[in-house]
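Read off the chains here:
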Amino acid sequence: MTYIAKPKLHHKDIPTNALGFTHRDYEGRISTLCAGCGHDSISAALIQACFELSIEPHRVAKLSGIGCSSKTPDYFLGQSHGFNSVHGRMPSVLTGANLANRDLIYLGVSGDGDSASIGIGQFAHAMRRGVNMVYICENNGVYGLTKGQFSATADKGSKSKTAVNHDAPIDLVSMALVLGASFVARSFSGDKKQLVPLLKAALSHRGVAVLDVISPCVQFNNNPQSTKSYDFVRAHNEAVNRIDVIEAKAEITVDYAPGEVVTVRQHDGSLLKLSKLQADYDPRDRGKAMAYLQEHHARGEVVTGLLYLDPEAEDLHAALGTTKRPLNTLGVRELCPGSKMLAAINDSYR
Amino acid sequence: MTPLASVNDFVVKFANVNGSGSASANELFARCILRMGVPVASRNIFPSNIQGLPTWYEVRVSGEGWLGRRGGVDLMVALNPQTWDRDVAELEPGGYLLYDSTKPMPPSKFRDDIVVLGVPFTALSNSLEGTIPRERQLLKNVIYLGALSALLGFEPDVVESLIGKQFKGKDKLIALNMKAIALGHDYAAKHLAGACALKVVRSDKVGDRIFIGGNDAAALGAVYGGATVCAWYPITPSTSLAEAFMRHCKSLRVDKESGENKFAIIQAEDEIAAIGTVIGAGWNGARSFTATSGPGISLMQEFFGLAYFAEIPAVVFDIQRGGPSTGMPTRTQQSDIMLAAYASHGDTKHVLLFPEDPRESFELAAVAFDLAERLQTPVFVMMDLDIGMNDWLCQPLAWDDSRQYDRGKIMTADELEAGRDFGRYLDVDGDGIPYRTLPGVHPTRGAYFTRGTSRDRYARYSEEGAVYVDNMQRLLRKFGTAATLVPAPVRRNAAETARFGAIYYGSTSPAMDEALARLKEQGLHLDTLRVRAFPFSDAVSDFIHAHEQVFVIEQNRDAQLLKMIVNECAIDPARLIALLHYDGTPITARFIANAVAERMTLLGRKEAAE
């Protein structure tokens, strides 16, 4: 429905953020996804998170692969450059973009087909490398654009109109934990209260922040048997915590009773206040997070919330020792060693 | 039997076992001759193996300066029992066989028509006191270098200065190696005096030329050309290019004050991720490249289509090896030409550059980055194993300090602020090249959505036929512009008016140079055109039309460049004759001269008969 222009008018009292932007300034084109699609809720949550964090929209680069989820970067942050690349390869394209200019905020949007099937290799290696990015997987367990085939995250035994899935599902969250991601979260497109703060925390994280967001496909996978349906996730959602992101400049007061709250300061100075919903859950313990996930998955529960966080994580640029100046701003003066040096180089080959 | 006798004109071949440490002694051998002012061409012939399999190193000594492979062997240094029989058989009649005489060999293992030179390398190395077995193995190589220096008449101080250079700062090693040199030298001088009539005599034919491998030179070209991002995946024969880039960046691109790196190198998980990273960086305005070989190019196909259609700069070094499939991974070919030219599904075409040697690999590497950004498209530098992994004697690398990088058409924040119309795929200048913006350029203007799907001039998604065709036609116009920007072919006219012409490219150059001289001696005259790029300039079809028949000389089975010329330049295939050498060894002057002479004579006879 791209032919319908979005009206530019808005209410005069619409709230503005620290930059004077309204949330309308963070919108994109009108979505062409199905009415009720979970992905549109995620786009809305992203708009909200960027608005609340007062991010300059043009300082974000949005990259995606192929599929319904990968179309969404056109539907938010219209003032940002976007790149809808090839199927399953968003992580490598984003890695290159990030290497070229470390000063932008990199948002990678993918789906379960894109990330868990064709692109599982690139997913895995992006986790290992710690590219500074937010990696959102809009997970609906199904290939939407090709009309309803199972994806690699579909549960064993789940049914479509024509088939039963015999393959074991891939849990991207568990994979991310094993592979060394420094920020791992799961959420649900239908729970904006949880999703928006998680996105804000992810956007302020240094290193790879991965969010597996269950995002029901109303067209092909919202049936009663599906573990990726609205009803199932609502009924089995086991949130481990609720998160508040307090920006660095805000006054930080801790008013929770000890034992109920975990506070974590991120590298940019922002403070994450995690209200514990599960008394025994500590998101700073990778090993326990993995065990917790396995146990609860076996009980048929969908564990959500901020599952793991390493606030001290370094990113790929730190590992490579790259200059603080974006590489794409360096010119011949900074990069070319010149003819005098070449004469010496020639000499070493004689 | 007359023993071969020659000054500064012979071929030496070393038959070694992979992993025995012979490579550095062999390279030292070649450098000794160069230091005496005599040109050499050296080639590694090695297996896809780390230890145990046979490996050869061939050095052509050519006072006249011919740098192609000659074919044939005049002096065999036979150090590998596994390949003894074929190594002995390969010698020219009257040639010399230098071998380890520590253990006696039955007479049946030799030939009557060769000169046998025995030196007990193992026994000599065992006599080196205070060494461990591994050291003695390595020193055995130095001992044969010492023996050769006596047999061929190297100047002693040349050997000594090169040993000193190689082990600079390690005095103990210098002494030990010089001792090994002396052992071999003195044994040969005493026992084999006058036995070898192949000699190296000081000359002045090397000049200021350098001895460098193409991968090394191309990596330097990438440094000088301003590449900041490299993503790669190990594959023979391209690996040493990425590794050389790493090495050169560490010495040339680290900020002296801050210690920060002005480069980023990623060893990717596969070739697909490598090219994805390169394209991401190119999209975001950094000069980026990958180095790979045929199988990698095959894997990268989908991304090449994206970069072509979404118009993103990228530089790809294809160090070609023997295909298809895994093929001959350690042998050379020019067999990825079509694969690269038309890489990816749909109607695609790409810019290719064909350097002839390491020097031109340096030059065209730097040019490739300018072209990629000017044309906003992938540019392939089509090298091969022969250029990439062998040291070649070539002109010194040159750089003009007034040279600026051509960053192409990038609309700036100021231009956007001033209200300049920005359509990502709008042909403003009529050359088919649109303007691009870099992410983050301006708060409210210049953002666009990059995609591999069809789009209109303002980057809006569209599957309308007319919109699609408009864009595809502009891409064709852009390719036409590319033909005017790429390096022009190099034409050389024969001394006399020639009815025949020859087209060649890449590593065929040195063999071609020599073949032309041989043909001239036979009274056969040939104009030549060395193609340096695709798309072809008009000079290619002009050259063909100016000759009755044109040979197209290539190192592949299917005459790939010939077919591209026929199709792209609308040439009658009957005008072209394919001369193809594709057994995995570098093409030789003998092959070219014989093939050309045979066909020219045949055509002459046919005419006479008519």
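Quantities reported herein were computed from a predicted structural model and do not represent experimental measurements. (Residues numbered from 1 in each chain as written. Chains lettered and ligands numbered in written order. Predicted model: local features only at pLDDT ≥ 70, side-chain atom pairs only at ≥ 80, totals over all residues.)

Some details on the overall build of chain A
Looking only at helices and strands, chain A features 12 helices and 13 strands. Relative to its length of 350 residues, chain A is compact, with a C-alpha radius of gyration of 21 Å against a globular reference of 20 Å. Along the first, second and third principal axes, the C-alpha set of chain A runs to 75 × 50 × 50 Å. For chain A, the proportion of contacts with a sequence separation of at least 24, taken over those separated by at least 6, is 71%. (Helix = DSSP H or I, 4+ residues; strand = E, 2+ residues; numbered from the N terminus. Rg over C-alpha atoms; globule rule 2.2 N^0.38 Å. Contact = placed C-beta atoms within 7 Å.)

Some thoughts on the interface of chain A and chain B
Chain A puts 51 residues into the contact, and the matching count from chain B is 55 residues. Counting only elements with at least two residues in the side of chain A that touches chain B, the list comes to β2 (81-84), α3 (90-100), α5 (120-129), α11 (332-335) and α12 (338-348) of chain A. Here the side of chain A that touches chain B takes eight residues from α3(A), the largest share from any one element. Per-class residue counts for the side of chain A that touches chain B are 20 nonpolar, 24 polar and seven charged. Across three bridges, β2(A) lies against strand β17 (residues 449-451) of chain B in parallel orientation. (Nonpolar A, V, L, I, M, F, W, Y, C, P; charged D, E, K, R; others polar. Pairing = 2+ DSSP bridges.)

Some remarks on the environment of B:E129
Residue and element names in this part refer to chain B. Locating E129 in the fold gives a position in the loop between α3 (121-126) and α4 (133-152). For E129, a count of 6 C-beta atoms within 10 Å corresponds to the exposed category. Sequence-wise, E129 and L176 are 47 residues apart; in three dimensions their C-alpha atoms are separated by 9.9 Å. (Buried ≥ 20, exposed ≤ 12 C-beta atoms within 10 Å, placed from the backbone.)

Comments concerning the sheet that holds β2(A)
Reading across from one edge, β9(A)-β13(A)-β7(A)-β8(A)-β4(A)-β3(A)-β1(A)-β2(A)-β17(B) is the order of the nine strands in this open sheet, with mixed pairing throughout. Two strands close off the open sheet at either side, each with one partner strand: β9 (237-239) of chain A together with β17 of chain B. Within the sheet, the average angular offset between the axes of one strand and its neighbour, ignoring direction, is 20°. By the bridge criterion, five bridges tie strand β3 (residues 105-111) of chain A to strand β4 (residues 133-139) of chain A in an arrangement that is parallel. Of the residues in β4(A), the one forming a bridge with A:V109 is A:I136. Packing against the sheet, helix α7 (residues 192-203) of chain A makes contact with β3, β4, β7 (183-188), β8 (208-214), β9 and β13 (302-309) of chain A, and its axis sits at approximately 160° to β7(A). (Axes fitted to C-alpha atoms, helices over the stretch in contact; angles between N-to-C directions.)

Structural notes on helix α16 (residues 465-485) of chain B
All names here are of chain B. If you check α16, its first and last C-alpha atoms are 30 Å apart, about what 21 residues at 1.5 Å a residue would give, namely 30 Å. For α16, the set of buried residues is R474, K478 and A482. Along α16, the residues classed as buried sweep out an arc of 100° about the axis, all on the same side. Within α16, the exposed residues directed more than 90 degrees away from the buried face are G465, A466, V469, Q473, L476, G480 and T484. Each element contacted by the buried residues of α16 is listed here: β14 (351-353) and α13 (358-375). (Expected span 1.5 Å × (residues − 1). Arc of directions from axis to C-beta.)

Thoughts on the packing of helix α9 (residues 271-283) of chain B against helix α11 (residues 301-310) of chain B
Residue and element names in this part refer to chain B. Their axes nearest at 9 Å, the elements α9 and α11 cross at an angle of 15°. Classified by the angle between their axes, α9 and α11 sit roughly parallel to one another. Judged by the twist between their axes, the crossing of α9 over α11 is left-handed. Together, I272, I275, G276 and I279 of α9 and F303, L306 and A307 of α11 make up the contact between the two elements. (Parallel < 35°, antiparallel > 145°, perpendicular 65-115°, else oblique. Left-handed = near helix turned anticlockwise from the far one by under 90°.)

Brief notes about the domain arrangement of chain B
Residues and elements named next belong to chain B. Structurally, chain B comprises domain 1 (6-199), domain 2 (212-394), domain 3 (413-485) and domain 4 (490-609). Between domain 2 and domain 3, the contact holds 13 residues from the first and 12 residues from the second. In terms of residue class, the side of domain 2 that touches domain 3 is built from seven nonpolar, three polar and three charged. (Domains from an automatic or database assignment.)

Some thoughts on the confidence of the model for chain B
Keep in mind that low pLDDT regions are not for reading the predicted coordinates in detail. In the predicted model, chain B carries a mean pLDDT of 96, and the fraction of residues at 70 or more is 100%. Interface confidence in the predicted complex, given as ipTM, is 0.95; pTM for the same model is 0.96. (pLDDT = per-residue confidence, 0-100.)

A word on the sheet that holds β14(B)
All names here are of chain B. Reading across the sheet, the seven strands line up as β11-β10-β12-β13-β15-β14-β21 and stay open at both edges, with mixed pairing between neighbours. Each of the sheet's edge strands pairs with one partner strand only, and the pair in question is β11 (264-267) and β21 (533-534). Pairing analysis gives four bridges linking strand β10 (residues 229-232) to β11, with the strands arranged parallel. When the bridges of β11 are listed, A231 appears paired with I266. Those strands touched by helix α7 (residues 214-224) are β12 (288-292), β13 (314-320) and β15 (378-384), and its axis lies near 155° from that of β15.

Thoughts on the packing of α3(A) against α9(B)
Direction vectors running N to C along α3(A) and α9(B) enclose 45°, while the axes themselves pass 6 Å from each other. As the angle between them shows, α3(A) and α9(B) are arranged oblique. Crossing geometry of α3(A) relative to α9(B) is assigned as right-handed. Each of A:S92, A:V93, A:L94, A:T95, A:G96, A:A97, A:L99 and A:A100 in α3(A) lies in contact with α9(B), whose residues at this interface are B:A273, B:G276, B:T277, B:V278, B:I279, B:G280, B:A281 and B:W283.

Some details on unusual backbone geometry
The step from B:G323 to B:P324 runs through a cis peptide bond, and the omega angle for that step is -5°. By the secondary structure assignment, B:P324 is in the loop between β13 and α12 (337-341). A cis amide bond, omega 5°, links B:F534 with the succeeding residue B:P535. With respect to the helices and strands, the residue B:P535 is situated in the loop between β21 and α18 (538-545). In this structure, A:K147 takes a positive phi of about 75° despite not being glycine. Structurally, the position occupied by A:K147 is in the loop between β5 (142-143) and β6 (149-150). We classify A:K147 as exposed; it has 11 C-beta atoms within 10 Å.

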